[in-house]
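Listed below, chain by chain, are the residues.
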Number of protein chains: 2
Amino acid sequence: MVAAPFGGETICLAERFCAYIARPGATLTTHIGMLLFPRLTQLDLTGPYEVFARMPDTRVHLVSHSLETVVSDGGLALAPDNGFDDCPPLDVLFVPGGPGISGAIESRPTLAFLQQRAPAAQYVTSVCTGALVLGAAGLLAGYRATTHWLSLDLLPIVGATPVSERIVIDRNRITGAGVTAGIDFGLVVAGQLFGADVARAIQLMMEYDPAPPFDSGSPRTASAALVTRITERCQKLQDERKRLLMASRKTDGSTAS
Amino acid sequence: MVAAPFGGETICLAERFCAYIARPGATLTTHIGMLLFPRLTQLDLTGPYEVFARMPDTRVHLVSHSLETVVSDGGLALAPDNGFDDCPPLDVLFVPGGPGISGAIESRPTLAFLQQRAPAAQYVTSVCTGALVLGAAGLLAGYRATTHWLSLDLLPIVGATPVSERIVIDRNRITGAGVTAGIDFGLVVAGQLFGADVARAIQLMMEYDPAPPFDSGSPRTASAALVTRITERCQKLQDERKRLLMASRKTDGSTAS
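Residues numbered from 1 in each chain as written. Chains lettered and ligands numbered in written order. Predicted model: local features only at pLDDT ≥ 70, side-chain atom pairs only at ≥ 80, totals over all residues. Heavy atoms only, no water.

**So, helix 6 (residues 181-194) of chain B**
Residue and element names in this part refer to chain B.
Part 1: The terminal C-alpha atoms of helix 6 lie 20 Å apart, and with 14 residues this matches the ideal 20 Å at 1.5 Å per residue to within 8%.
Part 2: Most of helix 6 is tucked away, with 13 of its 14 residues classed as buried.
Part 3: In the stretch just after helix 6, glycine 195 is the one whose phi turns positive, near 95 degrees. (Helix = DSSP H or I, 4+ residues; strand = E, 2+ residues; numbered from the N terminus. Expected span 1.5 Å × (residues − 1). Buried < 20%, exposed > 50% of the residue type's maximum accessible area, 1.4 Å probe, protein only.)

**Concerning helix 7 (residues 196-205) of chain B**
Every α-helix carries 3.6 residues per turn, so stepping three or four residues along brings you back to the same face.
Part 1: Burial analysis of helix 7 of chain B places seven of its ten residues in the buried class, the great majority of the element.
Part 2: The first or second residue beyond helix 7 of chain B is glutamate 207 of chain B, which carries a positive phi of 40 degrees.

**Looking at the packing of helix 2 (residues 42-52) of chain A against helix 2 (residues 42-52) of chain B**
Part 1: For the pair helix 2 of chain A and helix 2 of chain B, the least separation of the axes is 10 Å and the interaxial angle reads 155 degrees. As far as their axial angle goes, helix 2 of chain B and helix 2 of chain A are roughly antiparallel. The element helix 2 of chain A and its partner helix 2 of chain B pack so that their crossing is left-handed. Along the contact surface, helix 2 of chain A presents Gln42, Leu43, Thr46, Gly47, Tyr49 and Glu50 of chain A, while helix 2 of chain B presents Gln42, Leu43, Thr46, Gly47, Tyr49 and Glu50 of chain B.
Part 2: For the contact of helix 2 of chain A with helix 2 of chain B, a count of residues per class yields four nonpolar, six polar and two charged. (Axes fitted to C-alpha atoms, helices over the stretch in contact; angles between N-to-C directions. Parallel < 35°, antiparallel > 145°, perpendicular 65-115°, else oblique. Left-handed = near helix turned anticlockwise from the far one by under 90°. Contact = heavy atoms within 4.5 Å. Nonpolar A, V, L, I, M, F, W, Y, C, P; charged D, E, K, R; others polar.)

**Examining the relation of the copies chain A and chain B**
Part 1: Under the fitted operation, chain A is carried onto chain B by 0.0 Å of movement along the axis and a turn of 180 degrees, and the coordinates agree to an RMSD of 0.0 Å. Taken together, the rotation and translation describe the operation of a two-fold axis.
Part 2: In this assembly the copies share their binding face: 100% of the residues contributing to the interface of chain A also contribute to that of chain B. (Least-squares fit on C-alpha atoms with pLDDT ≥ 70 in both.)

**Brief notes about the sheet that holds strand 5 (residues 82-83) of chain B**
Residues and elements named next belong to chain B.
Part 1: Spatially, the seven strands line up as an open sheet ordered 5-2-1-6-7-11-10, and their pairing is mixed. Unpaired on one side and paired on the other, strand 5 and strand 10 (167-170) mark the two borders of the sheet.
Part 2: Where strand 6 (residues 92-95) and strand 7 (residues 123-127) come together, four bridges link them in parallel fashion. Paired with valine 92 across the two strands is tyrosine 123, which belongs to strand 7.
Part 3: Across the sheet, helix 2 is in contact with strand 1 (30-35), strand 2 (58-64), strand 6 and strand 7; its angle to strand 1 comes to roughly 170 degrees. (Pairing = 2+ DSSP bridges.)

**Here we look at the pattern of salt bridges**
Part 1: Per the stated rule, a full pass over the model turns up twelve salt bridges over all chains.
Part 2: A salt bridge links glutamate 50 of chain A to arginine 54 of chain A; its shortest N-O distance comes to 2.9 Å.
Part 3: Using a relative accessible area of 3% as the deciding quantity, one classes glutamate 50 of chain A as buried.
Part 4: Residue classification places arginine 54 of chain A among the partly exposed positions, given a relative accessible area of 26%.
Part 5: Between aspartate 170 of chain B and arginine 171 of chain B there is a salt bridge, and its shortest N-O distance comes to 3.0 Å. (Salt bridge = Lys/Arg side-chain N within 4 Å of Asp/Glu carboxyl O.)

**With respect to the interface of chain A and chain B**
Part 1: Taken together, the contact pairs 59 residues of chain A with 59 residues of chain B.
Part 2: Where chain A abuts chain B, roughly 5,000 Å² becomes buried across the two surfaces, and 64% of that area is made up of carbon and sulfur atoms.
Part 3: Ranking the residues of chain A by area buried against chain B places Leu204, Glu207 and Phe214 of chain A at the top, with a combined share of 16%.
Part 4: Our enumeration of links across chain A and chain B arrives at two salt bridges.
Part 5: Put simply, aspartate 209 of chain B and arginine 220 of chain A hold a salt bridge, and the shortest N to O gap is 3.0 Å. (Buried area = accessible area lost by both parts, 1.4 Å probe.)

**Regarding the environment of alanine 77 of chain B**
All names here are of chain B.
Part 1: Here alanine 77 shows up in strand 4 (residues 77-78).
Part 2: Among the residues examined, alanine 77 registers a relative accessible area of 24% and is labelled partly exposed.
Part 3: For the pair alanine 77 and arginine 39, spaced 38 residues apart in sequence, the C-alpha to C-alpha distance is 9.9 Å.

**Considerations on the packing of aromatic side chains**
Residue and element names in this part refer to chain B.
Part 1: Taken as a whole and assessed by the stated rule, the structure comprises six aromatic pairs over all chains.
Part 2: Arranged with centres 6.2 Å apart and planes meeting at 70 degrees, the rings of phenylalanine 52 and phenylalanine 185 form a pair that is edge-to-face. Taken together, the residues span a long stretch of sequence, with phenylalanine 52 in helix 2 and phenylalanine 185 in helix 6 at a distance of 133 residues. Comparing phenylalanine 52 with phenylalanine 185 shows no difference in burial state: the two are buried.
Part 3: Look at phenylalanine 84 and phenylalanine 113: their rings are 4.4 Å apart centre to centre, the planes differ by 15 degrees, and that puts the pair in the stacked class. Taken together, the positions of phenylalanine 84 in the loop between strand 5 and strand 6 and phenylalanine 113 in helix 4 (residues 108-117) put the pair 29 residues apart, joining distant regions of the chain.
Part 4: On the accessibility criterion, phenylalanine 84 (9% relative accessible area) is buried. (Phe/Tyr/Trp six-rings, centres within 6.5 Å; stacked < 30°, edge-to-face > 60°.)

In structure tokens form, the structure reads like this:
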């Protein structure tokens, strides 16, 4: 293949310009809204953040119910840039995962924000168990999607078809698997928005040439004993998530039953 | 090989207990100190942070010259947990990279902090161009090390031998390549501290089974045109870094000439 630097970018920018004309309130700057909530898994968010912040003419907004600092499950403090009301129109709506999704699924303002912003977004996205929050908001009903391997079996509760792949694109829904999938996810989104050449340049600057020192990153490759041990240890959490998702289905008319 | 769950961990914890007895001021809790400075590349730090925060009985401290919030090159705000003076004894000393390393290399208090804490640390570590900050502090003289691919040729200025590998371990120095290498690095450090079984469990929880959507993560695999374009675009920054490292060599007697 003959190299055509930035050819893809030109096409994608033209598409974005058409979208800009077509959509009221949209601008040529790409606005990404990343949801913050207490006890999120920070790498679900900071992986794609690193990619998004390197895209041309892009602004990343950390968006939260209140403007208070949010602390991740591992103790990292993250300060919101915007509340739900003062957040600009978003081209990409993003939800990370983590133990804190239980609180997000029970938060009516959080689900309402996602439901309100999704129709105008070019892409509605998640990494890890963020997919369960999108699902609780009724935004994955009828879509193929992925999530953290431990939670794949919960997706049907919200009407989604689970797909055990690293990244799943179904129309304008883009979902990533667990935690570190956020980097692959970010590059996929960069490619969709700006073309493969921009994504490749970002990949090279981030030296994303992974070399895991162990081969234990998926239930396919990890030892059966380890998979069983983690599954058993997380059973109570997963049961709680199942209960919350069932409850969200009852209160949210937009979720497929 | 017969599976021996946590066998490795037991051995490593025994080693840590011996270290605890041997080193005054050390505790059984593993303390990791991660340096913050303005315009760091956040994923250099948040990648390994995610691994460290999942290690048993471990506390991660974000350490900075002042207690003011630090903003990454991509705009993410990070709040320090400790100043240089009130930071507890550190088992692992870690330095991230990013455009802000120029300021860190010129900051006498920052280099003094690293020089003061390195002798008592079990591991002295970096990801990406954080290696240049360690080098400016005289802490890589005589060691093999790696850094972001664009900066490998700067390592000899601080007396280090550049090695174009993802992770380089030389005695108690552990250095990682650019940005995303921080995840591989974190798992290597987890394996060193707690054994391979603990690192494997963390890898599975983080679903670290990378699948880059493009093959452009290293100058070996990226197109020659892209490598040239990025190298040219960064030339001025690299020249400035070279000048700062040469200057640090003159003012820091501990750096090999």
